[in-house]
Amino acid sequence: GSSAAGSGGSIAISVGSGDASGGTFSVTAGDSSANGGGAASVIAGSSSSSGGGSLTLASGDGDTIGGAVAIDGGDGTTALGGSITISSGVGTDTSSGSVSVSTSNAGTSGVSGDLSLSTGLATVGTSGGVSIGSGSSAAGSGGSIAISVGSGDVNGGSVSLTSGDSSAGSGGDLTLSSGAGDTSGGSVNMNGGTGSSLAGGSISLTAGSSSSNSGGDITVTSGASSVADSGPLSFSTSSAASGSSGNLSLSSGSSSSSSGNLALSSGDSSTSSSGSISISVGDSVSASGSPINLNAGDNTGGPGGNIYLKAGTGTSSGSVYFVNPSTSSNFGVISDSTFDFSGLSSLSMSSTGTVQFAASTTMTLSATNGISMGDSNVFGYETGSGTVGAVVSGIVTVNKMAGKITSESTNLAASDTDIITLYNSRVSASSLVMVTPSSSGGCEPFVYNAAPSAGLVDIRVKNMAGIACTQAFTLTFWVVN
């Protein structure tokens, strides 16, 4: 019965003990053949001035295995099976109650019990989902979700997130997303564990393989912004207090056909300068600075790969600059029309073999204090030869910077003069033309005039001997422009 000033009366229902099995206690609502089955309610009492009464469902202890607690929703033949709802109580003026699902600690031996959350199998449609979420807050922070694995004195437990396989379509997606914010968006952090005596834990991102098509992509992209800069993207290894810092390697995979390309590029810009690309090697305090190596691919069966340095195009083409490491100033530049190293006091180009310079039109060598051949043998001038009168009497054509001319006359008389016109496209009115006899022809030919004009040289040769020549004489010439 009720009490106006004390506690209400208790009701105790107990089943007797036995030396075999204890007695069974069963509460069953009524069945129905034409409507819903009867409901069964077990409700603890309310209180208007203190805490509500507790409700405890507990199975019995056992000398071997403890008794189980099973809560099952009813089966449905033509509609849904019955639902199970476990909710904590509302706190009208304070916090709502907590819900805790856990297995008990293990005893002196053995392991703690497993905890399993799963939906049932489906034979026709989609199997049920599993949703774990914290509630929203109108005036504070949203609740956190923490999934952690217990520590161990051998190995720590693993955490595995795996999306579902499919035998006929695409495998399930796995998405890790941080929350949006009115100020900053939330971060996504992936950290390998710390190791005290061995290496720290690794982080591995591997796209899926395919037996009949391309393997999956891996895309790492920073966040966009509609009013400011997009987010930066940084790849780096940590510093090392002792030993070497970790290597950073970017490479495409090997292939029996063409291997994948590796592209480093900055983005385009429509209103300002595009981004720069900087490749630099760290400084060294006590040893030599390390190099930057650019290596094109080898080929055992054909030509090796090329290395191209290409400046950008524009209203004027860009150039390739060489920077003095001490002053950071440019001491050399290569452009589409210039190979300029005037920033150096001296420049040396050497080879154990041949150094060749070639131009399709004109090559100019100039120096304020002169050009030195270094006391070396100079050879390879363009030369030619011709015979006067071979085509037209008194005329010979040799379009070379140097050459040999054979006279038309074979018996130039004593004190007589032979007039020779040398046509040469290398000659201009300002050219310096040197002409000397190279064979006498049995007399004494003397060149007393070699007058250049555009495309020709007027040569006068006099026999200074007292006798006539007995054969043709030869002259050599050299044109200096």
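Here goes a summary of the coordinates provided.

The rules behind each value
- Residues numbered from 1 in each chain as written.
- Predicted model: local features only at pLDDT ≥ 70, side-chain atom pairs only at ≥ 80, totals over all residues.
- Heavy atoms only, no water.
- Core = buried A, V, L, I, M, F, W, Y, C linked by side-chain atoms within 4.5 Å.
- Buried < 20%, exposed > 50% of the residue type's maximum accessible area, 1.4 Å probe, protein only.
- Helix = DSSP H or I, 4+ residues; strand = E, 2+ residues; numbered from the N terminus.
- Contact = heavy atoms within 4.5 Å.
- Phe/Tyr/Trp six-rings, centres within 6.5 Å; stacked < 30°, edge-to-face > 60°.
- Pairing = 2+ DSSP bridges.
- Axes fitted to C-alpha atoms, helices over the stretch in contact; angles between N-to-C directions.

## Some thoughts on the nonpolar core
One finds Val396, Ile405, Leu422, Val435, Ile459, Leu475 and Phe477 to be the most contacted residues of the largest nonpolar core, which totals 21 residues. When contributions to this core are tallied by element, the ones reaching two or more residues are strand 7 (417-423), strand 8 (432-439), strand 10 (456-463) and strand 11 (474-480). In this structure valine 435 touches Val447, Ala450, Ile459, Leu475, Thr476 and Phe477, once residues within four positions along its chain are discounted.

## Focus: the environment of isoleucine 420
Note that isoleucine 420 resides in strand 7. For the pair isoleucine 420 and glycine 9, spaced 411 residues apart in sequence, the C-alpha to C-alpha distance is 150 Å. When residues no more than four places from it in sequence are discounted, the contact partners of isoleucine 420 are Val388, Gly394, Val396, Val457, Asp458, Ile459 and Leu475.

## Brief notes about the packing of aromatic side chains
Considering all chains together, one arrives at 4 aromatic pairs under this definition. Ring centres of phenylalanine 322 and phenylalanine 341 lie 5.3 Å apart, and the angle between their planes is 40°; on these two criteria the pair is classed as tilted. Separated by 19 residues along the polypeptide, phenylalanine 322 in strand 1 (residues 320-323) and phenylalanine 341 in the loop between strand 3 (339-340) and strand 4 (383-387) bring together distant segments of the chain. Classification of phenylalanine 322 as partly exposed rests on a relative accessible area of 31%. Here phenylalanine 341 falls in the buried class, since its relative accessible area comes to 15%.

## Structural notes on the sheet that holds strand 8
Strand order in the open sheet formed by 4 strands is 4-6-11-8, and the pairing between neighbours is mixed. Two strands in the sheet have a free side with no partner beyond their single neighbour: strand 4 and strand 8. Within the sheet, the average angular offset between the axes of one strand and its neighbour, ignoring direction, is 20°. In terms of strand pairing, strand 4 meets strand 6 (residues 402-406) through 5 bridges, oriented parallel. Note that in strand 6 the partner of glycine 384 across the bridge is glycine 403.

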